[in-house]
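Here's the letter readout for the chains.
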Amino acid sequence: MQLPVRSALSCMTAAALVAATPVRSDPPPRGFALVSGAAEREWEEKFKALPSPDSLRAYMQRLSARPHHVGSPWDKANAEWIRDRLAAWGWDASIERFDVLFPTPKERVVELVAPIRFRARLEEPAVPGDATSSQKSEQLPTYNAYSIDGDVTAPLVYVNYGVPADYERLERMGVSVKGAIVIARYGGSWRGIKPKVAAEHGAVGCLIYSDPRDDGYRVSDVFPGGPMRPPYGVQRGSVADMPLFAGDPLTPGVGATEGAKRLPLDQAPTLTRIPVLPLSYADAEPLLRALGGAVAPAEWRGALPLTYHVGPGPARVHLKVKSDWSIKPLYDVIGRLRGGDAADEWIVRGNHHDAWVNGATDPTAGQIALLEEARALGALARQGWRPRRTIVYAAWDGEEPGLLGSTEWVEAHADELARHAAVYINTDGNGRGFLSMGGSHSLERFVNDVAREVQDPETGMSAWKRLQLRRIARGSAHDRREARERPQLRIDPLGSGSDYTPFLQHAGVASLDLSYGAEGPGDGGVYHSIYDDWYWHSRFGDTSFVYGRALAQTVGLAVMRLAGAEVLPYEFGGLADAVNKYAREVRELLQQRQDSVRERNRQLAEGVFAAMNDPRAPEAPPPAKEVPPFLNFAPLDNGAAKLEASARQYDSLFARWTGRREPPDPAALATLNARLIAIERALTRDDGLPGRPWFRHQIYAPGFYTGYGVKTLPGIREAIEQERWGEAAAQTTRVGEVLDSAAAAIDAAAAALRPLAGG
């Protein structure tokens, strides 16, 4: 949009205020010339003073007042309220609707039919004093979205976290899950992996429960006396196979707009193959107590007052799931603040507004920071500030079921994003404590610089310094040394689980994911339950909303710098360093696999008959395996070397450009920035990863068997992990080619920068 019309007098007044303010002697923010950098710092100081804990508190009370899952009345009402707030603050705001598959439960049954009868409650009780916990008619029941319908009765088997390694352990114990219903505890992987792996091993149903060892009374006092999950608290959540693709299961790769071609329901590839339901630990305890068979390994035992057995039997369970599979509307709120001479370059910032129930911490604690940033940026615009680039603020709908709103928007606007999107910044909830930084490593130095500018509310030091000290105090020996010696704190690579996924891993847009937390309970104790509400957050979360203000300051400063810099502030040395690190890791992974197989085969050859004939041996020995073959990593190493050399050249030229007093002409900048934006795109391939072409990024992806957890160099790493040796060899070549392309893209940016840097 065009900024609101201001009188000539007000424009001159704003300009005079900036000109009259003493110029700081600090170096300009990365990407700014000296003159524009001085003005930028003055606007940043004005911005940091604007976010208000009182405003954040008021937003949360409004947004979390009622359950607001996809398709609910309050979900739509919140979207309209957010749109109206953005418009009132000077943004060009609108709602984009998409229509998606979102099942909700009609029938749910979990009952123990042998050796005794027990019917699970499958309901979270209201808590006295917690007003919203009693809004029963509006709450979604406890369930796992995208579980298929099913009605099965079968023996029960306990599978720990239900990850592939757990099934390998069961096999050595002589326990099969074929024809059984498995019960897994939350943790160890994303929840959708548990029914996926169970089905691969022949199970007919899956139950997922919250063990008090992980987020209940073993950790701290339970709600309402403390922050942790109470006996009947349940974690809702999607179990769609999102490592295949994110978004609407019926419209992979295209926006779920009116008239979009949809798959038949029985052909949707991301639905589970077996029925799934979540349980509280109060409902899970009688089922686990009824199990016989071998005692579970020590590391599998939770905190319930019972002996953990794996089964199968004598416990038999009846599981029934039946859902309403109708299409529901999504409401994405999109606000735009139009830029100046680089308006065709976009900085996109998002947080989702939908929740499983009231969702105070997840996601509203992040959404209120977004709103306060938008209010403050609108106020600066009325004072005369104007970004060079267009800023797009998005409140996504449908994140909880499977990143629906962000994915459908990215897919619907794919061509525009390919031309215009420079950076995406994501948040998803917020807590108190330490800054968490994840994202594209080309933005590592940039986000470190931003973190140095924000004061931690509890210690008074910078958010960056507090995080550095934490890593020195609590990290491994390597992490402590790196935190002391490395100029930038290393940021985390991104897997999945939030709305950056379609931007980074599908569209190739450089991305960041930011939040505060890890001091206090976070929302782990009430995650995706009816108790994640205003009552819990105001007692156990960011109770004074000072970390909401810190998040707004952090992300707002990042947005301002990205939107205002003459040269987009990427730095490619951090990317090259990360890629070299990941290349070393996959080489070491192969070596570890080779050494492990050799050692196991040696032990097997020496002791197999004794182990098999010893009645005291609790587990059968593993079979002999073929030693993994040699892989030629030369294409990967050569690509990484080219990337490092290109990064060094560009970063040297950039350092030479830094400190120029006046920015160069807009045409030269436009050429340079267009080439810079293309570099993250160069790290993708149109044909994507093996078996999942929707995921195009070759450096970062969610793991096929971890879900949220990241796999770096995923094509190579997962081929080695899954012992697909021909694929692993092919992937080293493919990734090497991608790194060559990225190096060439950096070289093209360097060629555009060289005349501007005077070299």
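Predicted model only: the values in this text are computed from it and were never measured.

Visitor: A description of the overall build of the chain should follow, citing residues and the corresponding values.
Guide: Along the chain, the regular secondary structure elements total 23 helices and 18 strands. Compactness check: the chain gives a C-alpha radius of gyration of 27 Å against a globular reference of 27 Å for 759 residues, within 12% of the reference. When the backbone C-alpha atoms are referred to their principal axes, the chain occupies close to 85 × 60 × 55 Å. Counting every position in the chain, which comprises 759 residues, the buried fraction comes to 59%. Partitioning the intrachain contacts of the chain with sequence separation of at least 6 by distance along the chain shows that 79% fall at a separation of at least 24. Here the chain has roughly 27200 Å² of accessible surface; of this, 52% comes from carbon and sulfur atoms. The averaged location of the 94 negative side-chain charges in the chain is 2 Å from the averaged location of its 88 positive side-chain charges.

Visitor: For the sheet that holds strand β5 (residues 150-158), give the residues involved together with the corresponding values.
Guide: The strand order β3-β2-β10-β5-β6-β7-β9 describes an open sheet built from seven strands, whose pairing is mixed. Across the chains shown, the open sheet's two edge strands, defined by having one partner strand only, are β3 (118-119) and β9 (276-279). Across four bridges, the pairing between strand β7 (residues 205-209) and β9 is parallel. Each bridged residue has a counterpart across the sheet, and for Tyr 209 the counterpart in β9 is Leu 279. Sitting on the sheet, helix α6 (residues 193-200) is in contact with β6 (181-185), β7 and β9, with an inclination near 145 degrees to β7.

Visitor: Break down the environment of Leu 676 for me, with residues and values.
Guide: Within the secondary structure layout, Leu 676 lies in helix α21 (residues 666-682). Along the backbone, Leu 676 and Asp 215 are 461 residues apart, and their C-alpha atoms lie at a distance of 44 Å. Excluding residues within four positions of it along the chain, Leu 676 makes contact with Val 567, Leu 568, Tyr 570, Phe 572, Tyr 650 and Ala 749.

Visitor: Run through the nonpolar core, naming residues and quoting values.
Guide: Grouped together as the largest cluster of nonpolar side chains are 219 residues, with contacts concentrated most on Leu 207 and Tyr 650. The element contributing the most residues to this core is helix α23 (residues 725-753), with 12 residues. Apart from the residues lying within four places of it in its own chain, the contact partners of Leu 207 are Val 110, Leu 156, Ile 181, Val 182, Ile 183, Ala 184, Leu 277, Leu 279, Leu 287, Val 317 and Leu 319.

Visitor: Go over the pairing of strand β14 (residues 421-426) with me, naming the residues and quoting the values.
Guide: Among the six residues of β14, six are classified as buried, and the element is accordingly described as predominantly covered. Alignment of strand β12 (residues 342-352) against β14, held across five bridges, turns out to be parallel. Pairing of Trp 346 across the sheet is with Ala 421, part of β14. Note: β14 against strand β16 (residues 510-518), four bridges, orientation parallel. For Asn 426, the partnering residue across the bridge sits in β16 and is Asp 513.

Visitor: An account of the packing of aromatic side chains is requested, with residue identities and associated values reported.
Guide: Enumeration according to the criterion identifies 25 aromatic pairs in this entry. Where Phe 102 meets Trp 356, the ring centres are 6.2 Å apart and the plane angle is 40 degrees; that geometry is what we call tilted. Here the residue Phe 102 occupies a position in the loop between β1 (92-101) and β2 (104-114), and Trp 356 occupies one in the loop between β12 and α9 (360-383), the gap between them amounting to 254 residues. Grouped by ring-pair contacts, the aromatic residues Phe 223, Tyr 531, Tyr 535, Trp 536 and Phe 540 constitute a single cluster. Sitting over the face of the ring of Trp 464, Arg 452 holds its NZ or CZ atom 4.2 Å from the ring centroid. The ring of Phe 695 carries the charged tip of Arg 692 above its face, separated from the ring centre by 5.5 Å.

Visitor: So what about unusual backbone geometry? Which residues, and what values?
Guide: Residue Pro 314 is reached from Gly 313 by a cis peptide bond, and omega for that bond is -5 degrees. Mapped onto the fold, Pro 314 is located in the loop between α8 (281-289) and β10 (316-324). Unusually for a residue other than glycine, Leu 122 sits at a positive phi of about 55 degrees. Relative to the elements of secondary structure, Leu 122 occurs in the loop between β3 and β4 (144-145). With relative accessibility at 6%, the residue Leu 122 sits in the buried group. Even without a glycine there, the phi angle at Leu 713 is positive, about 45 degrees. Topologically, Leu 713 is positioned in the loop between β18 (710-712) and α22 (714-721).

Visitor: Just give me the short version of the side chain of Thr 251, but keep the residues and values in it.
Guide: In this fold, Thr 251 is placed in the loop between β8 (237-238) and β9. A polar contact is formed between the side chain of Thr 251 and the side chain of Asp 248, at a distance of 2.9 Å. Contacts of Thr 251, omitting those with residues within four sequence positions, involve Ala 256, Ala 260, Lys 261, Arg 262, Glu 408 and Glu 411.

Visitor: An account of the pattern of salt bridges is requested, with residue identities and associated values reported.
Guide: When charged atoms on two side chains of opposite charge get close, those side chains can pair. Tallied over the entire structure, the rule returns 41 salt bridges. Notably, a salt bridge pairs Arg 466 with Glu 458, separated by 3.7 Å at the nearest N-O pair. Residue classification places Arg 466 among the buried residues on the basis of a relative accessible area of 11%. Judged by relative accessible area, Glu 458 falls into the partly exposed class, the value being 43%. Of the charged contacts, one joins Asp 637 and Arg 587 as a salt bridge, the two residues approaching to 2.6 Å between their closest N and O atoms.

Definitions and limits used
- Residues numbered from 1 in each chain as written.
- Predicted model: local features only at pLDDT ≥ 70, side-chain atom pairs only at ≥ 80, totals over all residues.
- Heavy atoms only, no water.
- Helix = DSSP H or I, 4+ residues; strand = E, 2+ residues; numbered from the N terminus.
- Rg over C-alpha atoms; globule rule 2.2 N^0.38 Å.
- Buried < 20%, exposed > 50% of the residue type's maximum accessible area, 1.4 Å probe, protein only.
- Contact = heavy atoms within 4.5 Å.
- Areas by Shrake-Rupley, 256 points an atom, 1.4 Å probe, with all protein chains shown as cover.
- Lys, Arg positive; Asp, Glu negative; His and termini not counted.
- Charge placed at Lys NZ, Arg CZ, Asp CG, Glu CD.
- Pairing = 2+ DSSP bridges.
- Axes fitted to C-alpha atoms, helices over the stretch in contact; angles between N-to-C directions.
- Core = buried A, V, L, I, M, F, W, Y, C linked by side-chain atoms within 4.5 Å.
- Phe/Tyr/Trp six-rings, centres within 6.5 Å; stacked < 30°, edge-to-face > 60°.
- Lys NZ or Arg CZ within 6 Å of the ring centre and 35° of its normal.
- Polar contact = N/O pair within 3.5 Å; in protein donor to acceptor, adjacent residues only side chain to side chain.
- Salt bridge = Lys/Arg side-chain N within 4 Å of Asp/Glu carboxyl O.

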